Amino acid sequence: MQRIRMVLIIVMVLLALPAYAEPGVYGEQRITGWWNNFTSDVSQTWNEPQNYDLYLPFLSWHARFMYDKEKTDNYNEMPWGGGFGVSRYNEQGNWSSLYAMMFKDSHNEWQPIVGYGWEKGWYLDNAQDFRLGLGVTAGITARKDFANYVPLPIILPLFSAGYKRLNVQFTYIPGTYNNGNVLFAWLRYGF
């Protein structure tokens, strides 16, 4: 549990770094600026994508230290499914995406998700082939076990490691004992 808290604190600090105080810009102006940047990024990603992406979920691991063994023995941890999205990279190597996925959840029921993803990127070589990313995804999902597919908003951390057009992306779904606490991973290939 201590490790999870530490990871979440690090993610929040890294996401908050760009939120430094600007002289003479307060409250509503700052929110308006962030909102305008966000909507501009979404619009540009939709209208000028650099890549069309295929998504292939491959892991839905339930943190064993947060579950009773009887529960995890019955959970599906191979989230069969797929998805499609559009994405682009900016000059700094940051990634933006709009996507839709459908996969088998922990109870082997179909779970859809549509959303927006953003990652701060770091290239590990001069050719810019190897990249690490850290960011956030926000969207709407629905589950059969949550009020029979009532739409559910989500905001989750996003981590990735990639080589050229192939990326492995992860998110962690926090929760309580016997609920949530899932590491979800997928492959993303851009063409």
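Residues numbered from 1 in each chain as written. Predicted model: local features only at pLDDT ≥ 70, side-chain atom pairs only at ≥ 80, totals over all residues. Heavy atoms only, no water.

Novice: How should I be thinking about the UniProt feature "site: Role in the phospholipid gating" (unreviewed entry) in the protein chain in this particular structure?
Specialist: Within this structure's numbering, the places UniProt gives as "site: Role in the phospholipid gating" (unreviewed entry) are Y177. Note that Y177 resides in the loop between strand 7 (166-173) and strand 8 (182-190). Setting aside its immediate chain neighbours within four residues, Y177 contacts F65, M66, Y67 and D68. (UniProt positions renumbered as here; feature names shortened; annotations may be inferred. Helix = DSSP H or I, 4+ residues; strand = E, 2+ residues; numbered from the N terminus. Contact = heavy atoms within 4.5 Å.)

Novice: Whenever I open this one, the nonpolar core confuses me. Can you help?
Specialist: Soluble globular proteins tend to pack their nonpolar side chains together in the buried interior. Core analysis: the biggest nonpolar cluster contains 12 residues, these being Y55, Y89, W95, Y99, M101, F103, I113, I154, L156, L158, F184 and W186. The set of elements that each furnish at least two residues to this core consists of strand 3 (95-104), strand 6 (152-163) and strand 8. Top contributing element to this core by residue count: strand 3, with four residues. Filtering out sequence-adjacent residues up to four positions away, Y55 remains in contact with G82, G83, F84, G85, W95, S97, Y99, M101, Q169, W186, L187 and R188. (Core = buried A, V, L, I, M, F, W, Y, C linked by side-chain atoms within 4.5 Å. Buried < 20%, exposed > 50% of the residue type's maximum accessible area, 1.4 Å probe, protein only.)

Novice: Explain the environment of F58 here, please?
Specialist: Take F58: it is sitting in strand 1 (residues 51-62). Judged by its relative accessible area of 29%, F58 falls in the partly exposed class. Here the alpha-carbon distance between F58 and E77, two residues 19 residues apart in the chain, equals 8.3 Å. Once residues lying within four places of it in the same chain are set aside, the contact partners of F58 are E77, M78, P79, V168, A185, W186 and L187.

Novice: When you look at the pattern of salt bridges in this model, what are you seeing that I'm missing?
Specialist: If the charged atoms of two oppositely charged side chains come close together, the side chains can form a pair. For the coordinates displayed, the defined rule picks out seven salt bridges. Measuring nitrogen to oxygen at the nearest pair gives 3.8 Å for the salt bridge that ties R188 to D53. With R188 in strand 8 and D53 in strand 1, this pair connects stretches of sequence that are 135 residues apart. Residue D53 is classed as buried on the basis of its relative accessible area of 0%. Where D73 meets K69, a salt bridge forms, and the shortest distance between an N and an O atom there is 3.0 Å. Of this pair, D73 and K69 both sit in helix 3 (residues 69-74), four residues apart, which is roughly one turn of the helix. The exposure class assigned to K69 is exposed, which follows from its relative accessible area of 55%. Salt bridges here are not isolated pairs; linked through shared partners, they connect D105, R143 and D145. (Salt bridge = Lys/Arg side-chain N within 4 Å of Asp/Glu carboxyl O.)

Novice: Even after reading the chapter, I still don't get the sheet that holds strand 3, so can you show me in this structure?
Specialist: Each strand in a sheet pairs with its neighbour through backbone hydrogen bonds, running either in the same direction (parallel) or in the opposite one (antiparallel). Pairing in this closed barrel of eight strands is antiparallel, and the strands run 1-2-3-4-5-6-7-8 around the ring. Shown here is a sheet whose adjacent strand axes are inclined to one another by a mean of 25°, direction ignored. (Pairing = 2+ DSSP bridges. Axes fitted to C-alpha atoms, helices over the stretch in contact; angles between N-to-C directions.)

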